[in-house]
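Next come the chains, spelled out residue by residue.
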Amino acid sequence: MEKIKIGISSCLLGEKVRYDGGHKLDQYITETLGRYFAWVPVCPEVEYGLPVPREGMRLVGDPASPRLLTIRTGVDHTEGMLKWSEKKLKVLEREELCGFIFKSRSPSSGIAGVRVYTPSGMPSHKGVGIFGGAFMRTFPLIPVIDEGRLHNPALRENFIERVFVYKRWKEFIERGAHLRDLITFHTEHKLLILSHSPKHFSDLGRLVARAREYNSDALLSEYIGKLMRGLQLIATVKKNTNVLLHLMGFFKRHLSSDEKQELLEVIEHYHRELIPLIVPVTLIKHYVRKFDEPYLKRQYYLNPHPIELMLRNHV
Ligand code: SF4
């Protein structure tokens, strides 16, 4: 499999670029995710021109538009960092990234919950790093996460699933984005979408059904915008249970009453959070193969990302 290009804060790869000369190597990222992802490292502070080591920085002022200041001497790097970010984002646009993993809490790289200090020194946790914020404004569709959230099993699964969906979308665009291919793309993702958001499932279904009424650029942009926003919603136990019961309906005629009872019990155990999602999904995949169910064979819900990542063993 061709590796998927993902942007990453350089210090998470072990590069010694932090203000104190250290790094923040994350072995889950380098060793586990590194088997599937090709990294495009970015250190805003060093690439902008600051030395290693350097004086630490922090965000100060209004959380909606804070200043980036050095902590001891108060040098203001806001405009410089914004200008550098603008240039860097143009370079990154050519990289065709399918995701970005940012360093959490950094005044340059953070994407949520970064401390912003008032002039009196009291911090709130409502800030976004200067480069992290610029990246999200420029590329609102590209999945992003920070390494802190990456260690939460539900958020990790959600992020990686979106990366794979976005990669497939880019491949679909490269193939020419024909209407019949959009219908196929949508059909194959239906149950995955349903597991995140019944509302987006209905909206996207209606959009595809009326596809001929749109010009193709407007259609594609509306579809992918809605899809990526819908997938950001977490696939909760309740929503997954709903999809599993829906899947079970496909085997009504095939399963004996014993087998139905067993499958229902497994789904019920998942619903009570006694077992992880991988268990009912594996049993259903067994029936999909056994009864050669063509519609379900194509559903990415059953194979959203490589099984070796074991993401559904923990949700
Ligand atoms: S958090 Fe961002 S700016 Fe700081 S060292 Fe890491 S990559 Fe560089």
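Here's a quick rundown of the structure. (Residues numbered from 1 in each chain as written. Predicted model: local features only at pLDDT ≥ 70, side-chain atom pairs only at ≥ 80, totals over all residues. Heavy atoms only, no water.)

Once that is clear, we can look at the sheet that holds strand 1 (residues 4-9). Across the sheet, 4 strands lie side by side as 2-1-5-8; this open sheet has parallel pairing. Each edge of the sheet is formed by a strand with only one pairing partner; in this case those strands are strand 2 (37-42) and strand 8 (144-146). Taken over all neighbouring pairs, the strand axes of this sheet differ in orientation by 25° on average, direction set aside. By the bridge criterion, 6 bridges tie strand 1 to strand 2 in an arrangement that is parallel. The residue bridging Ile6 from the neighbouring strand is Trp39, located in strand 2. (Pairing = 2+ DSSP bridges. Helix = DSSP H or I, 4+ residues; strand = E, 2+ residues; numbered from the N terminus. Axes fitted to C-alpha atoms, helices over the stretch in contact; angles between N-to-C directions.)

In this section: the packing of helix 7 (residues 179-196) against helix 9 (residues 216-232). For the pair helix 7 and helix 9, interaxial distance at closest approach is 11 Å and the crossing angle is 20°. In terms of orientation, helix 7 lies roughly parallel with respect to helix 9. As for how helix 7 packs across helix 9, the hand of that crossing is left-handed. Side by side, helix 7 and helix 9 meet where Leu179, Leu182, Phe185, His186, Leu192, Ile193 and His196 of the first sit next to Leu219, Tyr223, Leu227, Gly230 and Leu231 of the second. Among the residues forming the contact of helix 7 with helix 9, the class breakdown is 9 nonpolar, 3 polar and no charged. (Parallel < 35°, antiparallel > 145°, perpendicular 65-115°, else oblique. Left-handed = near helix turned anticlockwise from the far one by under 90°. Contact = heavy atoms within 4.5 Å. Nonpolar A, V, L, I, M, F, W, Y, C, P; charged D, E, K, R; others polar.)

For the rest of this paragraph, the subject is the pattern of salt bridges. Within this structure, the stated rule accounts for 20 salt bridges. The partner of Arg298 in a salt bridge is Glu188, and the shortest N-O contact between them spans 3.8 Å. Of this pair, Arg298 sits in the segment after helix 13 (294-297) while Glu188 sits in helix 7, and the two are 110 residues apart along the sequence. Owing to a relative accessible area of 39%, Arg298 belongs among the partly exposed residues under this scheme. Between Asp203 and Arg206 there is a salt bridge whose closest N-O contact spans 2.8 Å. Of this pair, Asp203 and Arg206 both sit in helix 8 (residues 198-209), separated by 3 residues, roughly a single helical turn. Salt bridges linked by common partners bring Glu2, Lys167 and Glu171 together as one network. (Salt bridge = Lys/Arg side-chain N within 4 Å of Asp/Glu carboxyl O. Buried < 20%, exposed > 50% of the residue type's maximum accessible area, 1.4 Å probe, protein only.)

All right, on to the environment of Leu274 then. Summarising the element assignment, Leu274 is placed in the loop between helix 11 (257-271) and helix 12 (278-290). You can call Leu274 exposed: its relative accessible area is 52%. For Leu274 and Leu220, which are 54 residues apart along the polypeptide, the C-alpha to C-alpha distance reads 40 Å.

Glancing now at the environment of Ala211. Within the fold, Ala211 resides in the loop between helix 8 and helix 9. By relative accessible area, Ala211 is classed as buried at 4%. Taking the C-alpha atoms as reference points, Ala211 and Leu182, 29 residues apart in sequence, are found 9.2 Å from one another. In contact with Ala211, not counting residues within four places along its chain, are Leu179 and Leu219.

Pairing is mixed in the open sheet, where 4 strands are placed in the order 4-3-6-7. Two strands close off the open sheet at either side, each with one partner strand: strand 4 (67-70) and strand 7 (123-127). Between one strand and the next, the sheet's axes are offset by a mean angle of 50°, whatever the strand orientation. By the bridge criterion, 3 bridges tie strand 6 (residues 114-117) to strand 7 in an arrangement that is antiparallel. Bridging across to strand 7, Val114 finds its partner in Gly127.

A word on the site of the ligand. Lining the immediate surroundings of the ligand are 13 residues, of which Cys11, Cys43, Glu45, Lys103 and Ser109 lie closest. The cavity that encloses the ligand is the largest pocket. By residue class, the composition of the shell around the ligand is 5 nonpolar, 4 polar and 4 charged. (Near = heavy atom within 4 Å. 1 Å grid on protein atoms, 1.4 Å probe; cavity = no way out; pocket = protein on both sides within 12 Å on 5 of 7 lines; lining within 4 Å. Sits in = over half its atoms within 2 Å of the grid points.)

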